[in-house]
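Residues per chain, in single letters:
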Amino acid sequence: MDAPVLGRSALSGRIPVSVVTGFLGSGKTTLVNKLLKRPEMNRVAVIVNELGEQSIDNDLVEVSSEQMMLLNNGCLCCVLRGDLQETMRDLFVKRRNGEIIDFDRLVIETTGLADPAPVMQTLMTDTMLQAQYRLDCVVTLVDAVNGLEQLKTLSEPVKQAALADRLVITKTDLVDEAKIVALEAALHELNPRAPMKRAINGEIELAFLIDVALRSMQSRLEDVERWMGPDNESDHGHYGHDEHGHAHRHDSNVISFCLRYKEPFTWASFSQCMEVLGTLRGADLFRVKGLVNVAGHKGPLIVQGVQHLFHPPIELEKWPSDDHQTRIVFITRGITQKTVGNLFAAIASVAAVTA
């Protein structure tokens, strides 16, 4: 992993990106349309992958170029027909040159069959995009009518839910309460740290969907808790004692767990752990996010990754609370908490011997 990035500018000043995903028919376009009607969302650029989905054509009033359309609220819609990186770079250049609206947020609506991981990885691998954009959140919509069966039989909805920062259950007015509760339980097992809300006809509080990621180097405890998700782990581990049997399991073999360490890492040992894990099992390492106590640093390092790719780690100026333990949330497919804990323990032991 790269060396930590220091300084306030590492988090501030970049355009937040919200990724709206969900399986076919889950209501993504309806949700995006409702969000764009809000006054607070009048300076937004929207990228829609139109393949296999109804786009937001009903709200288009003017075509400003072959790909870019002005919506009736002044927002900009870019229908994605090519490379996402090129589209995002083009949008930013046109914004900087005053050719399009001075948008302050980007919303990417994926197709129902899309894996959101490549979109997230795009923001990690393109240096220009890293300088201008930052991932704020992944919002996954799940259809209350069909969602439970889809999670049992299809791989796409499972991964979409596993990668989510926020889960939105739609069409709850069409099924009974028992079915909704069963779906909520399945989603909680799959991704226990993603807050969940219900939405009817795309109506949901804006605050639930935006400003999820850390925005400053002086993040408060509530900011960190919102970003990490609710802490469901009451046990605190240390080297060699990380398996407590609290992993959340799902029929899809997707597991969510949190590792905690009382003692600081060296950056070399921690980055080696993540590099080995990513090299050996990157395809099954759906998402990682955490705060890491690294020896010699005043504040924690923010780490987050999707499969084998990781954002450059960023150091907060200070710890948001008195709890200075390393805590790392993993969502994996077929990689157990014990496996990851043993890897960390083995590398830490080697580092201690060679130090």
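Model, not experiment: these values are computed from the prediction.

**Q** Quick question: what am I supposed to make of the overall build of the protein here?
**A** A count of helical and extended segments in the protein gives 10 helices and 15 strands. The 355 residues of the protein split such that 54% are buried. Looking at the protein alone, contacts between residues at least 24 apart form 76% of all its contacts between residues at least 6 apart.

**Q** Just checking my understanding: could you explain the confidence of the model for the protein for this structure?
**A** Predicted coordinates in regions of low pLDDT should not be interpreted in detail. Of all residues in the protein, 80% attain a pLDDT of 70 or more, and the chain-wide mean is 82. Of all helices and strands in the protein, the one with the weakest mean pLDDT is strand E3 (residues 60–63) (44), whereas strand E8 (residues 166–170) scores best (97). Contacts from residues 60–64, a stretch scored under 50 in pLDDT, to residues over four places away or in other chains number 13 contacts. Between residues 233–251, whose pLDDT stays under 50, and residues either more than four places distant or in other chains, the model counts 53 contacts.

**Q** I tried to follow the environment of Val175 on my own but got confused; where do I start?
**A** Among the secondary structure elements, Val175 is positioned in the loop between E8 and helix H7 (177–190). Using a relative accessible area of 18% as the deciding quantity, one classes Val175 as buried. Separated by 30 residues in the primary sequence, Val175 and Val145 place their C-alpha atoms 6.2 Å from one another. The residues touching Val175, leaving out its near neighbours within four places in the chain, are Ala144, Val145 and Ile180.

**Q** What should I look at first to understand the packing of helix H2 (residues 84–96) against helix H3 (residues 117–125) in this one?
**A** Describing two packed helices takes the angle between their axes plus the distance from one axis to the other. Closest axis-to-axis distance for the H2/H3 pair is 10 Å, and the angle between their directions is 55°. Viewed along their axes, H2 and H3 adopt a mutual orientation that is oblique. You can see that H2 and H3 cross each other, and the crossing is right-handed. On H3, the residues touching Leu84, Gln85 and Met88 of H2 are Val119, Thr122, Leu123 and Thr125. Class assignment for the residues of the contact of H2 with H3 results in 4 nonpolar, 3 polar and no charged.

**Q** Whenever I open this one, the side chain of Arg287 confuses me. Can you help?
**A** Along the polypeptide, Arg287 turns up in strand E11 (residues 285–292). A polar contact is formed between the side chain of Arg287 and the side chain of Asp165, at a distance of 3.0 Å.

**Q** I would appreciate a short explanation of the pattern of salt bridges in the present structure.
**A** It is possible for side chains of opposite charge to pair when their charged atoms get near one another. Summed over all chains, the structure comprises 20 salt bridges. The salt bridge involving Asp165 is made with Arg287; its shortest N-O contact spans 3.0 Å. Taken as a pair, Asp165 in the loop between helix H6 (155–162) and E8 and Arg287 in strand E11 lie far apart in primary sequence, 122 residues in all. On the basis of relative accessible area, Asp165 is assigned to the buried category, the value being 7%. Between Asp284 and Arg281 there is a salt bridge whose closest N-O contact spans 3.4 Å. A relative accessible area of 16% places Asp284 in the buried class. According to the relative accessible area criterion, Arg281 is partly exposed, its value standing at 29%. One continuous salt-bridge network, built from bridges that share partners, spans Arg43, Arg95, Asp102 and Asp104.

**Q** Looking at this model, I keep getting lost on the nonpolar core. Mind explaining?
**A** Inside soluble globular proteins, nonpolar side chains tend to come together where they are buried. Grouped together as the largest cluster of nonpolar side chains are 46 residues, with contacts concentrated most on Met88, Leu106 and Tyr133. Each residue touching Met88, except ones within four places of it in the same chain, is listed here: Val17, Ile47, Leu106, Ile108, Leu123, Leu129 and Tyr133. Grouped together as the second largest cluster of nonpolar side chains are 24 residues, Phe265, Cys273, Val292 and Val340 included.

**Q** I tried to follow the packing of aromatic side chains on my own but got confused; where do I start?
**A** Aromatic ring pairs: the centre-centre distance and the angle between the two ring planes describe each pair. What the rule picks out here adds up to 9 aromatic pairs. Measuring from centroid to centroid gives 5.2 Å for Tyr261 and Phe265, while their planes differ by 75°, and the two rings are edge-to-face. One exposure class covers both Tyr261 and Phe265, and it is buried. Measuring from ring centre to ring centre gives 5.8 Å for Trp267 and Phe270, while their planes differ by 35°; the resulting arrangement is tilted. Here Trp267 pairs with Phe270, and both are found in helix H9 (residues 267–281), just 3 residues apart, close to one helical turn.

**Q** Just to check I follow, could you spell out the pairing of strand E1 (residues 15–22) for this structure?
**A** The side chains of a regular strand alternate, first on one face of the sheet and then on the other. With respect to burial, E1 is a largely interior element, 8 of its 8 residues being buried. Of the two faces of E1, both are covered, the one formed by Ile15, Val17, Val19 and Thr21 as well as the one formed by Pro16, Ser18, Val20 and Gly22. Bridge analysis of E1 against strand E7 (residues 133–143) gives 8 bridges, and the strand direction is parallel. Note that in E7 the partner of Ile15 across the bridge is Tyr133.

**Q** When you look at unusual backbone geometry in this model, what are you seeing that I'm missing?
**A** One non-glycine residue, Lys171, lies in positive phi territory at about 60°. With respect to the secondary-structure elements, Lys171 resides in the loop between E8 and H7. Positioned with a positive phi, Asn201 is a non-glycine residue whose angle comes to about 55°. Within the secondary structure, Asn201 sits in the loop between strand E9 (196–199) and helix H8 (221–228). What makes Asn201 exposed here is its relative accessible area of 53%.

Calculation rules
Sequence order sets the numbering: in each chain, residues are counted from 1 along the sequence as written. pLDDT decides what is reported in this predicted model: residues at 70 or higher carry local features, side-chain atom pairs at 80 or more are listed and counted, and totals for whole chains, interfaces and linings draw on all residues regardless. Side-chain numbers come from the whole structure's heavy atoms, not from hydrogens or water. Secondary structure elements are taken from DSSP: a helix is a run of H or I of four residues or more, a strand is a run of E of two residues or more, and numbering for both begins at the N terminus. A 1.4 Å probe rolled over the protein chains alone gives each residue an accessible area, and that area as a share of the maximum for its type sets the label: buried under 20%, exposed over 50%, partly exposed in between. The criterion used for residue contact is that any of the two residues' heavy atoms lie within 4.5 Å. A residue's pLDDT is the confidence the predictor assigns to it, expressed on a 0 to 100 scale. In this analysis an axis means a line fitted to C-alpha atoms, helices contributing only their contacting stretch, and an angle means the value between N-to-C directions, from 0 to 180 degrees. In this scheme, roughly parallel covers angles under 35 degrees and roughly antiparallel covers those over 145, while 65 to 115 is roughly perpendicular and the rest are oblique. Each crossing gets its handedness from the near helix: less than a right angle anticlockwise from the far helix is left-handed, clockwise is right-handed. Three residue categories are used. Nonpolar comprises Ala, Val, Leu, Ile, Met, Phe, Trp, Tyr, Cys and Pro, charged comprises Asp, Glu, Lys and Arg, and polar comprises the others, including Gly. Here a polar contact is taken to be a pair of N or O atoms separated by no more than 3.5 Å, where protein atoms must pair a possible hydrogen donor with a possible acceptor and residues adjacent in sequence count only if both atoms sit in side chains. Criterion for a salt bridge: a side-chain nitrogen of Lys or Arg within 4 Å of a carboxyl oxygen of Asp or Glu. What we call a nonpolar core is a set of buried Ala, Val, Leu, Ile, Met, Phe, Trp, Tyr and Cys residues that are connected through their side-chain atoms within 4.5 Å. Stacked, edge-to-face and tilted labels apply to pairs of Phe, Tyr and Trp rings (six-membered ring for Trp) whose centres lie within 6.5 Å, assigned for plane angles under 30 degrees, over 60, and everything in between, in that order. Two strands are counted as paired when DSSP detects at least two bridges linking them.

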